[in-house]
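One-letter residues, chain by chain:
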Amino acid sequence: MGANNFLSMPEKRVLRPLPPFSFSATFKEARASPPLPPKTSRVLAFHSAAQWKAYFEASKQSNKMIVIDFTATWCRPCRYMDPSVDEFAAKYSDVEFIKIDVDELMNVAGEFGIHAMPTFLLIKNGKEIDKVVGAKKQELQAKIEKHRSIQR
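Per-chain numbering applies: the sequence of each chain, read as written, is numbered from 1 onward. Totals for whole chains, interfaces and linings use every residue, but because this is a predicted model, local features are given only for residues with pLDDT of at least 70 and side-chain atom pairs only at 80 or more, for both listing and counting. Values shown for side chains rest on all heavy atoms present in the structure; no hydrogens or waters enter the calculation.

Considerations on the state of the cysteines
We call a pair of cysteine sulfur atoms a disulfide when they lie within 2.5 Å. Summed over the entire model, instances satisfying the criterion amount to one disulfide. The disulfide partner of cysteine 75 is cysteine 78, and the gap between their sulfur atoms is 2.4 Å. Residues cysteine 75 and cysteine 78 are joined through a disulfide that is right-handed, its torsion about the S-S bond being 75°. Only protein chains enter the calculation, and the probe is 1.4 Å; a residue is then buried if its accessible area is under 20% of its type maximum, exposed if over 50%, and partly exposed in between. A relative accessible area of 3% means that cysteine 75 is categorised as buried.

Describing the nonpolar core
Put simply, buried Ala, Val, Leu, Ile, Met, Phe, Trp, Tyr and Cys residues joined by side-chain atoms within 4.5 Å make one nonpolar core. One finds Trp52, Ile68, Phe70, Ile98, Ile100 and Phe112 to be the most contacted residues of the largest nonpolar core, which totals 20 residues. Strands here are runs of E lasting at least two residues and helices are runs of H or I lasting at least four, both read from the DSSP assignment and numbered beginning at the N terminus. Among the elements of the structure, helix H2 (49-59), strand S2 (66-71), strand S3 (96-101), helix H4 (106-111) and strand S4 (119-124) are those that each provide at least two residues to this core. In contact with phenylalanine 70, not counting residues within four places along its chain, are Ile100, Val102, Val108, Ala109, Phe112, Ile114, Met117, Pro118, Thr119 and Leu121. With 15 residues, the next largest nonpolar core counts Val43, Ala89, Val132 and Ile144 among its residues. Whether two residues are in contact is decided by their heavy atoms: any pair within 4.5 Å suffices.

Description of the side chain of glutamate 96
Tracing the backbone shows glutamate 96 in strand S3. A 3.5 Å cut-off defines polar contacts: any pair of N or O atoms within that distance qualifies, except that in protein one atom must be a possible hydrogen donor and the other a possible acceptor, and neighbouring residues in sequence count only when both atoms are side-chain atoms. Only 3.2 Å separates the side chain of glutamate 96 from the side chain of lysine 64, close enough to count as a polar contact. Residues within four places of glutamate 96 in sequence aside, it is in contact with Leu44, Tyr55, Lys64, Met65, Ile66 and Val67.

So, the sheet that holds strand S5 (residues 127-133)
One open sheet holds the five strands; their spatial order is S1-S3-S2-S4-S5, and the pairing between them is mixed. Here the strands that pair on one side only, and so sit at the sheet edges, are strand S1 (43-46) and S5. Adjacent strand axes in the sheet meet at a mean angle of 25°, parallel and antiparallel pairs treated alike. Most of the contacts of helix H3 (residues 76-91) go to S3, to which it runs at about 160°, and overall it touches S1, S2, S3 and S4. At least two bridges found by DSSP between two strands are what make those strands a pair. The axes used here are C-alpha line fits, helices contributing only the stretch in contact, and every angle between their N-to-C directions lies in the interval 0 to 180 degrees.

Considering H3
The first and last C-alpha atoms of H3 sit 24 Å apart over 16 residues, in line with the 22 Å expected at 1.5 Å per residue. What we call the bend at a residue is the angle made by axes fitted to the seven residues finishing there and the seven residues starting there. The largest bend in H3 amounts to roughly 35° and is located at aspartate 82, with the proline proline 83 lying one to four residues further along. For H3, every residue scored as buried is listed here: Cys78, Met81, Ser84, Val85, Phe88 and Ala89. A helix's residues, less one, multiplied by 1.5 Å, set its expected span.

This is the structure in C-alpha cells:
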C-alpha cells in the first residue's frame, strides 16, 4: 500500500518536554505587584426593616431622588445589574442608591408591590416617580437622567 493511502499508519511524533514552570516565581511576581484599592460602593444596603423605615421617613423631607434596587441573591438578572448599579451610584452622586434583598425584607418589598426582580423604583419625597422592571440598564439610566434633570 502506498504512503498516500488513508489507511496507512500515521507517522510517529516525538513529544518534547515542556520547559519547567515555577508556580512560586509566578506567585512572587503577583505578590510584588501593588495591591488593588479596596472596592467601595455608594450603594446602601438595608438588612433591617426598622433601619429602612427610619431612613425612608427621613428621606421624605429631602428633594433628593432615591433609586431602590429590589434584588435577591439567587436572581441572575439582579447579579447582572449589580455592576451597572455601582457604576450609576458613582456617576450620579446627587442620587441615593439603595439595595433591598426581597428575601430579607419581604414586608418592605410587599409594601411597594414588588413581584419581579430586579425592580428599580425611583422615589422622590417619599413618592414613586418611576419604575423599571427587569435587567434594563439603558432604560434605568435614561429614567435616572430624566428625573435628575427635573430635580435641579
